[in-house]
Amino acid sequence: MPRRALHASISQTSAPVSPRVAVLYQALEPPLIDGIQKPKKPGGYQDSGADIAFNLGRGGIDVITPSENPNPADMTGWCFPDTEEGILRALRQGVTHLWANTILFAAHPLQQSRVIAKFENTLRVVGQGPLIVQKYDDKEYVNDLLRQLGGFTMPRAWTVTEKHDIATVFKEAEFPLVGKPIRGRGSQGVKLCYTLDDLIAHGHALLRQSSSFLVEEYLSGEEVTVTVMPPAQIDSHRDYWCLPVVARYNHADGIAPYNGVVAVVANSRVLSQSEEEKDPHYSQLKKECEQVGRVLGVTAPIRIDCRRYKDSNESRFALFDVNMKPNMTGPGRPGRDDQASLTLLASGGLGWDYLTLLRNILDSAQTLKTLKSLQPR
C-alpha cells in the first residue's frame, strides 16, 4: 500500500500548551520477523527513559511516573512498560503524550489494542508509526529501497542466508568487508573482517542467531552521524532538517564501539558551522539524509551513520546505516554526566541543552491515529 503524501499525513498543528507526559520502556520482546529477531536491549531503554522523564519533570513538564517518587539515581520507576496494561495505566492518569522510548512493531499494543484505540484521536505520541518501524528496522530493506529510488550514495552490499556457501560467494571478494545483522542494535554484531576466514567465522556466528545477515564494502574514511529531525514549528522548520554533523573517532577494529561500552563523549564531537562550510561534502550529505527522512516519512528523529569511501577530504560520504530509534540518553540524574547521546551532541551545535532538545522533540509529537495510519513504502 502506498504511503500517503507526507504533508497530508503528518499534522503540523501545535501540541497542547500543558502536556502531561508518560515515558514507555521496552517490556515486550521484539517479534520474529522473516526469521530475524531484533535483540532486546537489557533494561529495555529504562536508562534513557529515566533521563527523559527526570529532565522533562525538572524542566516544568507534568510527567507521570509509575512510582510516586522514583529515585533519580535509579533507572527504575520512571517509565511505564509498553504492554497494553502498562500503557492503559498511564492513560488512566490523564496522560496526553506518550514518549515511546521503545521498539515498535506491527503487533504492538499501540497499533493493535482496541482499548488504547479509544484515545487515538487526542493522544499524542513521540515515536514512529509501528508499521513503519517493523519494515524500516530491516537494514537490508531500507538500503535496497534507497538504492532503487536513486539519488543516495550507498556502499555495495550483499545478503547472505543459510543457503549460501560463504567461502564460494566471497572467494574473489576484495577485503576487508563488514559483516552485520539485518535487524541489529547499535554496533552489536558488526565486525570488520580482514580475510575470508574472518568472514566465514563471523557469518556462521550471525547465522546462529538469524536466518540471514549483511555484508558491506568497508568504507575506510571519516565516519560521521547525522540526526534528521521531523517537520515541526521549531524555527520555521516545516520540512525535514538535519542537526549539525557529529564526527566519530577512536574506532575499535574499524568499527565505532557500542555506546554502552564507550560513552560517545569519549569518541565523538560535533562539527562547527565553519567546519561544515569548508567541505561541500557535508552539505551534500545532509541533503541526502533529509531526503531519507522524506521518503521514509518518519515522525520522530532518526540517525544516519555515514562514512567517506576513503581517508581523504576529497572523498564523498556514503550512507550505511539508518537508525529508526536513536539513543536519547542525557545528563541530569546522578552519575549520568557523561551520558550524552549522539543526537544530544549534535543539538549542542545549535546551542541546545538536553531539556531544549527534549522539548523540541516533544513538540513534534503526532496523534496516535496519525502514527497508526502511516504505511511503509
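See the structure printed just above.
A short tour of the structure in this document, coming up. (Residues numbered from 1 in each chain as written. Predicted model: local features only at pLDDT ≥ 70, side-chain atom pairs only at ≥ 80, totals over all residues. Heavy atoms only, no water.)

### Focus: the overall build of the chain
In plain terms, the rule: The helix count covers DSSP runs of H or I at least four residues long, the strand count covers runs of E at least two residues long, and both are numbered beginning at the N terminus. Based on C-alpha atoms, the radius of gyration is set beside the globule rule, defined as 2.2 Å times the residue count to the power 0.38. Only protein chains enter the accessibility calculation, which uses a 1.4 Å probe; a residue whose area is less than 20% of its type maximum is buried, one above 50% is exposed, and one in between is partly exposed. Contacts are assigned to residue pairs with any non-hydrogen atoms lying within 4.5 Å of each other. In this description, accessible areas are obtained by the Shrake-Rupley approach with a 1.4 Å probe, and a residue is regarded as covered only by the protein chains that are shown.
If you tally the helices and strands in the chain, you get 13 helices and 18 strands. The C-alpha atoms of the chain give 20 Å as radius of gyration, which agrees with the globular expectation for 377 residues (21 Å, within 12%). Along the first, second and third principal axes, the C-alpha atoms of the chain reach 60 × 45 × 45 Å. Taking all 377 residues of the chain together, 56% fall into the buried category. Sequence-distant contacts, at least 24 apart, represent 72% of the contacts inside the chain between residues at least 6 apart. Working note: accessible area of the chain is about 16100 Å², and carbon and sulfur atoms make up 48% of it.

### Some words on helix α12 (residues 354–363)
Turning to α12, its buried residues are Tyr354, Leu357, Leu358, Asn360, Ile361 and Leu362. Taken together, the buried residues of α12 touch β1 (20–25), α2 (46–58), β6 (97–100), β7 (124–126), β12 (223–229) and α11 (342–348).

### A short note on the packing of aromatic side chains
Our working rule: The pairing test for Phe, Tyr and Trp rings, Trp by its six-membered ring, is centres within 6.5 Å, and the orientation test on the planes gives stacked under 30 degrees, edge-to-face over 60, and tilted for anything in between. Ring-over charges, as used throughout, are those where CZ of Arg or NZ of Lys falls within 6 Å of the ring centre and within 35 degrees of the ring normal.
Overall, the coordinates contain 5 aromatic pairs when judged by the stated rule. A centroid spacing of 5.8 Å and a plane angle of 85° characterise the contact between Phe54 and Trp78, whose relative ring orientation is edge-to-face. Taken together, the positions of Phe54 in helix α2 and Trp78 in the loop between β4 (62–63) and β5 (80–81) put the pair 24 residues apart, joining distant regions of the chain. For the residue pair Phe54 and Trp78, the accessibility class agrees, reading buried in each case. The ring of Tyr282 has Arg308 sitting right over it, with the charged end atom 5.4 Å from the ring centre.

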